[in-house]
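Structure assessment
Residues per chain, in single letters:
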Amino acid sequence: MTKDTQETGNGRDLESLPLTVITANPDGKDYWSELWRSRELLGMMVWRDIVVRYKQTAMGLSWALVRPLATMLVFSLVFGKLANLPSNGAPYALMVFAGLLPWLFFSAAFSDASNSVVGNANLVQKVYFPRLIIPLSSVVVGLVDFALAMLVYLAMSFFYGLPPGLHVLALPLFLLQLCLLILGCSLSIAALSVWYRDFRHLLPVVLQLGVYLSPVGFASTVVPEKWRLLYAFNPMVGIIDGFRWSLLGDTQPLRLNEVGISCLVTLVLLWSGVRFFRRSEHRFSDAI
(Lines give C-alpha, C1' and ligand atoms only; values in the text may rest on other atoms or scores of the structure.)
Protein backbone atom coordinates (compact mmCIF):
# COMPACT_ATOMS: atom_id res chain seq x y z
CA MET A 1 0.00 0.00 0.00
CA THR A 2 1.02 3.58 -0.58
CA LYS A 3 1.09 6.15 2.16
CA ASP A 4 -2.09 7.82 0.85
CA THR A 5 -4.14 4.63 0.84
CA GLN A 6 -3.00 3.82 4.36
CA GLU A 7 -4.30 7.18 5.55
CA THR A 8 -7.73 6.54 4.06
CA GLY A 9 -8.21 3.27 5.90
CA ASN A 10 -9.38 1.49 2.72
CA GLY A 11 -8.18 0.73 -0.76
CA ARG A 12 -9.16 4.05 -2.33
CA ASP A 13 -6.75 6.86 -3.07
CA LEU A 14 -7.25 10.17 -1.34
CA GLU A 15 -7.68 11.81 -4.73
CA SER A 16 -10.77 9.70 -5.41
CA LEU A 17 -12.59 10.96 -2.31
CA PRO A 18 -15.14 13.78 -2.74
CA LEU A 19 -13.85 17.22 -1.84
CA THR A 20 -16.18 19.63 -0.07
CA VAL A 21 -15.22 23.29 -0.06
CA ILE A 22 -17.15 25.67 2.19
CA THR A 23 -16.85 29.29 1.16
CA ALA A 24 -18.37 32.50 2.48
CA ASN A 25 -20.34 32.98 -0.71
CA PRO A 26 -21.41 29.59 -2.18
CA ASP A 27 -21.37 29.15 -5.92
CA GLY A 28 -24.82 29.95 -7.28
CA LYS A 29 -24.98 26.96 -9.60
CA ASP A 30 -24.53 24.56 -6.66
CA TYR A 31 -26.72 26.47 -4.24
CA TRP A 32 -30.04 25.18 -5.55
CA SER A 33 -28.89 21.56 -5.68
CA GLU A 34 -27.61 21.98 -2.13
CA LEU A 35 -30.97 23.40 -1.14
CA TRP A 36 -32.67 20.31 -2.57
CA ARG A 37 -30.27 18.02 -0.69
CA SER A 38 -31.21 19.84 2.51
CA ARG A 39 -34.92 19.07 2.17
CA GLU A 40 -34.81 16.77 5.21
CA LEU A 41 -33.58 19.70 7.29
CA LEU A 42 -36.50 21.71 5.94
CA GLY A 43 -38.89 18.98 7.06
CA MET A 44 -37.40 18.89 10.56
CA MET A 45 -37.64 22.67 10.92
CA VAL A 46 -41.26 22.64 9.77
CA TRP A 47 -42.14 19.92 12.27
CA ARG A 48 -40.29 21.74 15.06
CA ASP A 49 -42.18 24.99 14.39
CA ILE A 50 -45.55 23.22 14.26
CA VAL A 51 -44.91 21.48 17.59
CA VAL A 52 -43.66 24.68 19.24
CA ARG A 53 -46.65 26.66 17.96
CA TYR A 54 -49.31 24.36 19.37
CA LYS A 55 -47.62 22.42 22.18
CA GLN A 56 -48.26 24.84 25.05
CA THR A 57 -51.55 26.42 23.99
CA ALA A 58 -54.81 25.82 25.82
CA MET A 59 -56.86 25.62 22.61
CA GLY A 60 -54.24 23.99 20.38
CA LEU A 61 -55.21 23.91 16.72
CA SER A 62 -58.48 25.66 17.55
CA TRP A 63 -56.65 29.00 17.36
CA ALA A 64 -56.34 28.45 13.61
CA LEU A 65 -60.14 28.24 13.43
CA VAL A 66 -61.16 30.97 15.88
CA ARG A 67 -59.18 33.74 14.19
CA PRO A 68 -60.77 33.53 10.70
CA LEU A 69 -64.24 33.01 12.14
CA ALA A 70 -63.97 36.03 14.47
CA THR A 71 -62.53 38.24 11.72
CA MET A 72 -65.23 37.11 9.30
CA LEU A 73 -67.96 38.05 11.77
CA VAL A 74 -66.49 41.52 12.34
CA PHE A 75 -66.01 42.26 8.62
CA SER A 76 -69.47 40.94 7.75
CA LEU A 77 -71.03 43.21 10.37
CA VAL A 78 -69.04 46.33 9.47
CA PHE A 79 -68.94 46.08 5.67
CA GLY A 80 -71.99 43.93 5.02
CA LYS A 81 -74.56 45.18 7.53
CA LEU A 82 -73.45 48.69 8.47
CA ALA A 83 -71.83 49.85 5.21
CA ASN A 84 -74.19 47.66 3.12
CA LEU A 85 -71.53 46.92 0.49
CA PRO A 86 -72.41 44.50 -2.33
CA SER A 87 -71.32 40.87 -2.39
CA ASN A 88 -72.11 40.19 -6.08
CA GLY A 89 -74.82 37.65 -5.36
CA ALA A 90 -72.91 35.47 -2.89
CA PRO A 91 -73.59 35.33 0.87
CA TYR A 92 -71.53 38.13 2.39
CA ALA A 93 -70.03 35.87 5.04
CA LEU A 94 -68.80 33.42 2.40
CA MET A 95 -67.36 36.20 0.25
CA VAL A 96 -65.47 37.62 3.23
CA PHE A 97 -64.21 34.21 4.33
CA ALA A 98 -62.96 33.46 0.81
CA GLY A 99 -60.96 36.68 0.97
CA LEU A 100 -59.71 35.99 4.48
CA LEU A 101 -58.23 32.63 3.49
CA PRO A 102 -55.36 34.12 1.45
CA TRP A 103 -54.98 37.25 3.57
CA LEU A 104 -54.62 35.49 6.94
CA PHE A 105 -52.16 33.06 5.38
CA PHE A 106 -50.20 35.97 3.93
CA SER A 107 -50.14 38.06 7.12
CA ALA A 108 -49.14 35.20 9.44
CA ALA A 109 -46.55 33.58 7.14
CA PHE A 110 -45.08 36.93 6.06
CA SER A 111 -44.62 38.01 9.68
CA ASP A 112 -43.07 34.68 10.74
CA ALA A 113 -40.79 34.42 7.70
CA SER A 114 -39.60 38.02 8.04
CA ASN A 115 -38.45 37.36 11.63
CA SER A 116 -37.25 33.82 11.01
CA VAL A 117 -33.53 34.47 10.45
CA VAL A 118 -33.18 36.54 13.63
CA GLY A 119 -35.29 34.00 15.50
CA ASN A 120 -32.90 31.21 14.49
CA ALA A 121 -29.73 33.17 15.34
CA ASN A 122 -28.12 30.32 17.28
CA LEU A 123 -28.56 27.92 14.39
CA VAL A 124 -27.28 30.45 11.84
CA GLN A 125 -24.12 31.13 13.86
CA LYS A 126 -23.18 27.50 14.44
CA VAL A 127 -24.02 25.47 11.33
CA TYR A 128 -23.76 26.10 7.61
CA PHE A 129 -26.78 25.30 5.45
CA PRO A 130 -28.68 27.22 2.76
CA ARG A 131 -30.26 30.02 4.81
CA LEU A 132 -33.18 30.16 2.41
CA ILE A 133 -34.53 27.10 4.25
CA ILE A 134 -35.39 29.25 7.29
CA PRO A 135 -38.00 31.60 5.73
CA LEU A 136 -39.16 28.80 3.45
CA SER A 137 -40.04 26.67 6.48
CA SER A 138 -42.20 29.49 7.86
CA VAL A 139 -44.21 29.55 4.63
CA VAL A 140 -44.75 25.78 4.77
CA VAL A 141 -45.85 25.96 8.42
CA GLY A 142 -48.43 28.59 7.45
CA LEU A 143 -50.01 26.08 5.09
CA VAL A 144 -51.18 24.08 8.14
CA ASP A 145 -53.32 26.95 9.41
CA PHE A 146 -54.53 27.58 5.86
CA ALA A 147 -55.65 23.96 5.49
CA LEU A 148 -57.62 24.11 8.75
CA ALA A 149 -59.29 27.38 7.74
CA MET A 150 -60.10 25.85 4.36
CA LEU A 151 -61.99 23.03 6.09
CA VAL A 152 -64.07 25.60 7.95
CA TYR A 153 -64.85 27.37 4.68
CA LEU A 154 -65.98 24.12 3.06
CA ALA A 155 -68.33 23.44 5.96
CA MET A 156 -69.77 26.96 5.67
CA SER A 157 -70.18 26.65 1.91
CA PHE A 158 -72.32 23.53 2.28
CA PHE A 159 -74.31 25.23 5.04
CA TYR A 160 -75.10 28.14 2.70
CA GLY A 161 -75.77 25.78 -0.19
CA LEU A 162 -72.96 27.15 -2.33
CA PRO A 163 -70.17 24.53 -2.40
CA PRO A 164 -67.20 25.02 -4.74
CA GLY A 165 -67.68 23.96 -8.36
CA LEU A 166 -65.22 23.16 -11.12
CA HIS A 167 -63.61 26.56 -10.70
CA VAL A 168 -61.93 25.19 -7.57
CA LEU A 169 -59.46 23.36 -9.83
CA ALA A 170 -57.73 26.71 -10.38
CA LEU A 171 -57.28 27.29 -6.64
CA PRO A 172 -53.85 25.56 -6.40
CA LEU A 173 -52.48 28.01 -8.98
CA PHE A 174 -53.53 31.03 -6.92
CA LEU A 175 -52.24 29.30 -3.78
CA LEU A 176 -48.87 28.77 -5.45
CA GLN A 177 -48.73 32.43 -6.44
CA LEU A 178 -49.58 33.38 -2.86
CA CYS A 179 -46.70 31.26 -1.50
CA LEU A 180 -44.28 32.83 -3.98
CA LEU A 181 -45.50 36.31 -3.01
CA ILE A 182 -45.00 35.60 0.69
CA LEU A 183 -41.52 34.26 0.04
CA GLY A 184 -40.57 37.18 -2.19
CA CYS A 185 -41.78 39.81 0.29
CA SER A 186 -40.31 38.15 3.38
CA LEU A 187 -36.83 37.40 2.03
CA SER A 188 -35.81 41.05 1.77
CA ILE A 189 -37.26 41.89 5.19
CA ALA A 190 -35.65 38.82 6.78
CA ALA A 191 -32.24 39.88 5.46
CA LEU A 192 -32.66 43.52 6.46
CA SER A 193 -33.83 42.53 9.95
CA VAL A 194 -30.42 41.03 10.64
CA TRP A 195 -28.91 44.53 10.59
CA TYR A 196 -31.96 46.66 11.42
CA ARG A 197 -34.06 45.07 14.15
CA ASP A 198 -36.70 47.81 14.06
CA PHE A 199 -38.20 46.20 10.94
CA ARG A 200 -40.06 43.81 13.22
CA HIS A 201 -41.93 46.80 14.69
CA LEU A 202 -42.89 48.05 11.23
CA LEU A 203 -44.46 44.77 10.12
CA PRO A 204 -47.67 45.02 12.22
CA VAL A 205 -48.25 48.54 10.90
CA VAL A 206 -47.76 47.47 7.28
CA LEU A 207 -50.07 44.48 7.70
CA GLN A 208 -52.71 46.61 9.43
CA LEU A 209 -52.72 48.99 6.48
CA GLY A 210 -52.63 46.12 4.00
CA VAL A 211 -55.86 44.58 5.22
CA TYR A 212 -57.71 47.80 4.29
CA LEU A 213 -55.81 48.36 1.04
CA SER A 214 -56.71 44.85 -0.12
CA PRO A 215 -60.25 43.63 -0.91
CA VAL A 216 -60.51 41.44 2.18
CA GLY A 217 -63.71 42.68 3.81
CA PHE A 218 -65.27 43.90 0.57
CA ALA A 219 -65.43 42.99 -3.12
CA SER A 220 -62.89 44.64 -5.42
CA THR A 221 -65.78 45.73 -7.65
CA VAL A 222 -66.49 48.61 -5.25
CA VAL A 223 -63.28 50.27 -6.47
CA PRO A 224 -64.07 52.79 -9.24
CA GLU A 225 -63.32 51.57 -12.74
CA LYS A 226 -60.71 54.27 -13.43
CA TRP A 227 -58.62 53.08 -10.49
CA ARG A 228 -58.92 49.32 -11.07
CA LEU A 229 -55.67 48.81 -13.02
CA LEU A 230 -53.70 50.90 -10.54
CA TYR A 231 -55.35 48.99 -7.68
CA ALA A 232 -54.27 45.71 -9.31
CA PHE A 233 -50.60 46.59 -8.66
CA ASN A 234 -51.34 45.42 -5.14
CA PRO A 235 -50.65 41.73 -5.88
CA MET A 236 -53.08 40.60 -3.20
CA VAL A 237 -55.96 42.01 -5.28
CA GLY A 238 -55.51 39.46 -8.06
CA ILE A 239 -54.90 36.64 -5.56
CA ILE A 240 -57.97 37.41 -3.43
CA ASP A 241 -60.17 37.79 -6.51
CA GLY A 242 -58.75 34.51 -7.79
CA PHE A 243 -59.60 32.73 -4.54
CA ARG A 244 -63.14 34.10 -4.60
CA TRP A 245 -63.64 33.14 -8.23
CA SER A 246 -62.29 29.64 -7.57
CA LEU A 247 -64.49 29.08 -4.51
CA LEU A 248 -67.64 31.01 -5.41
CA GLY A 249 -67.68 30.63 -9.18
CA ASP A 250 -68.99 33.22 -11.59
CA THR A 251 -70.73 35.19 -8.84
CA GLN A 252 -67.32 36.81 -8.30
CA PRO A 253 -65.85 38.44 -11.44
CA LEU A 254 -62.24 37.72 -12.40
CA ARG A 255 -60.36 40.08 -14.71
CA LEU A 256 -57.46 38.41 -16.46
CA ASN A 257 -55.57 41.68 -16.98
CA GLU A 258 -55.60 42.31 -13.22
CA VAL A 259 -54.50 38.74 -12.54
CA GLY A 260 -51.67 39.21 -15.06
CA ILE A 261 -50.50 42.39 -13.29
CA SER A 262 -50.63 40.56 -9.96
CA CYS A 263 -48.50 37.70 -11.34
CA LEU A 264 -45.98 40.13 -12.81
CA VAL A 265 -45.58 42.03 -9.53
CA THR A 266 -45.24 38.72 -7.67
CA LEU A 267 -42.44 37.55 -9.96
CA VAL A 268 -40.60 40.85 -9.63
CA LEU A 269 -40.82 40.72 -5.82
CA LEU A 270 -39.71 37.08 -5.79
CA TRP A 271 -36.73 37.72 -8.08
CA SER A 272 -35.56 40.77 -6.15
CA GLY A 273 -36.12 39.09 -2.78
CA VAL A 274 -34.16 35.96 -3.68
CA ARG A 275 -31.38 38.01 -5.23
CA PHE A 276 -31.00 40.28 -2.20
CA PHE A 277 -31.23 37.39 0.27
CA ARG A 278 -28.62 35.34 -1.60
CA ARG A 279 -26.21 38.27 -1.71
CA SER A 280 -26.64 38.92 2.01
CA GLU A 281 -26.82 35.49 3.63
CA HIS A 282 -23.06 34.86 3.78
CA ARG A 283 -22.80 37.81 6.21
CA PHE A 284 -25.62 36.71 8.53
CA SER A 285 -23.45 34.80 10.99
CA ASP A 286 -21.20 37.84 11.53
CA ALA A 287 -23.94 40.46 11.82
CA ILE A 288 -26.56 38.56 13.77
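On a predicted model such as this, the values are computed, not experimentally measured, just so you know.

The rules behind these values
Residues numbered from 1 in each chain as written. Predicted model: local features only at pLDDT ≥ 70, side-chain atom pairs only at ≥ 80, totals over all residues. Heavy atoms only, no water. Helix = DSSP H or I, 4+ residues; strand = E, 2+ residues; numbered from the N terminus. Buried < 20%, exposed > 50% of the residue type's maximum accessible area, 1.4 Å probe, protein only. Contact = heavy atoms within 4.5 Å. Areas by Shrake-Rupley, 256 points an atom, 1.4 Å probe, with all protein chains shown as cover. Axes fitted to C-alpha atoms, helices over the stretch in contact; angles between N-to-C directions. Parallel < 35°, antiparallel > 145°, perpendicular 65-115°, else oblique. Left-handed = near helix turned anticlockwise from the far one by under 90°. Nonpolar A, V, L, I, M, F, W, Y, C, P; charged D, E, K, R; others polar. Core = buried A, V, L, I, M, F, W, Y, C linked by side-chain atoms within 4.5 Å. 1 Å grid on protein atoms, 1.4 Å probe; cavity = no way out; pocket = protein on both sides within 12 Å on 5 of 7 lines; lining within 4 Å. Points joined across faces, edges and corners; volume = space filled by probe spheres on them. Patch = residues over 30% accessible without salt bridge, like charges linked within 9 Å, V, L, I, M, F, W, Y side chains within 5 Å. Salt bridge = Lys/Arg side-chain N within 4 Å of Asp/Glu carboxyl O. UniProt positions renumbered as here; feature names shortened; annotations may be inferred. Phe/Tyr/Trp six-rings, centres within 6.5 Å; stacked < 30°, edge-to-face > 60°. Lys NZ or Arg CZ within 6 Å of the ring centre and 35° of its normal.

A count of helices and strands for the chain gives 14 helices and 0 strands. For the chain, the sequential pattern of α-helices and β-strands runs α-α-α-α-α-α-α-α-α-α-α-α-α-α. Counting over 288 residues, the chain shows a buried share of 46%. A separation of at least 24 residues holds for 81% of the contacts in the chain among residues at least 6 apart in sequence. Accessible surface, the chain as shown: approximately 15500 Å² in total, 66% of it carbon and sulfur.

Take the side chain of Ser262 next. Examined against the element boundaries, Ser262 turns out to sit in helix H13 (residues 256-280). Excluding anything up to four places from it in sequence, Ser262 contacts Gln177, Ala232, Pro235, Gly238 and Ile239.

The next point concerns the packing of helix H8 (residues 133-159) against helix H9 (residues 171-195). Packing of H8 against H9 brings their axes to within 10 Å, and their N-to-C directions diverge by 140 degrees. Between H8 and H9, the angle falls in the class oblique. Both H8 and H9 take part in a crossing whose hand is right-handed. Between H8 and H9, the residues in contact are Pro135, Leu136, Val139, Leu143, Phe146 and Met150 and Leu171, Leu175, Cys179, Ile182, Leu183 and Leu187, respectively. Of the residues in the contact of H8 with H9, the class split is 12 nonpolar, no polar and no charged.

A few words now on the nonpolar core. Membership of the largest hydrophobic core comes to 77 residues, with the highest contact counts inside it found for Leu101, Phe105, Phe106, Tyr153, Leu178 and Phe243. In terms of residue count, helix H5 (residues 92-114) provides more of this core than any other element does, 15 residues in total.

On to empty space enclosed by the protein. Picture a little ball the size of a water molecule; that probe, rolled over the atoms, points out where space is still empty. Using the criterion set out here, one finds 1 cavity of 30 Å³ or more in the structure. Taken as a whole, the largest cavity holds about 40 Å³ of empty space. Together, Asn88, Ala219, Ser220, Thr221, Asp241, Arg244, Gln252 and Pro253 line the largest cavity. Its residues placed into classes, the lining of the largest cavity shows 2 nonpolar, 4 polar and 2 charged.

Another aspect to go through is a nonpolar patch on the surface. A cluster of nonpolar side chains, Val74, Leu77, Val78 and Leu82, forms an exposed patch at the surface whose accessible area comes to about 370 Å². For Val78, a relative accessible area of 36% puts it in the partly exposed group.

Annotation from UniProt places "transmembrane region" (unreviewed entry) at residues 61-80, 92-110, 132-156, 168-196, 202-222 and 259-277. Between the end C-alpha atoms of residues 132-156 there is a gap of 37 Å, over a span that is 96% helix and 0% strand. Strand forms 0% of residues 259-277 and helix 100%; the C-alpha atoms that close the span are 27 Å apart.

A word on the packing of H5 against H9. Two elements in contact, H5 and H9, have axes whose closest approach is 8 Å; the angle formed by their N-to-C orientations is 30 degrees. As judged from the angle between their axes, H5 and H9 are roughly parallel. In this structure, H5 crosses over H9, and the sense of that crossing is right-handed. Across the interface between the two elements, Pro102, Phe105, Phe106, Ala109, Phe110, Ala113 and Ser114 from H5 touch Leu175, Leu178, Cys179, Leu181, Ile182, Cys185, Ser186, Ile189, Ala190 and Ser193 from H9. When its residues are assigned to classes, the contact of H5 with H9 shows 14 nonpolar, 3 polar and no charged.

With that settled, the discussion passes to the packing of aromatic side chains. Counted by the stated rule, this structure contains 10 aromatic pairs. Ring centres 5.6 Å apart and planes at 75 degrees place the aromatic pair Phe75 and Phe79 in the edge-to-face group. Taken together, the residues span about one helical turn, with Phe75 and Phe79 both in helix H4 (residues 63-82) at a distance of 4 residues. The pair Phe75 / Phe79 is uniform in exposure class, with both members buried. Through pairs of rings, three or more aromatic residues link up here, namely Phe75, Phe79 and Phe218. Residue placement shows Arg131 over the ring face of Phe129; its charged tip is 4.8 Å from the ring centre.

This part covers the pattern of salt bridges. Under the criterion given, the structure shown has 5 salt bridges. Here Arg48 ties to Asp49 by a salt bridge, and the two come within 2.9 Å at their closest N and O atoms. With its nearest N and O atoms 3.8 Å apart, the salt bridge here joins Arg255 to Glu258. Connected through shared salt-bridge partners, Glu225, Arg228, Arg255 and Glu258 make up one network.

Tracing the sequence through the fold places Ser116 in helix H6 (residues 116-119). Accessibility expressed as a relative area gives 5% for Ser116, which makes it buried. For Ser116, the residues in contact, after removing those within four places along its chain, are Ile134, Pro135 and Ser138.

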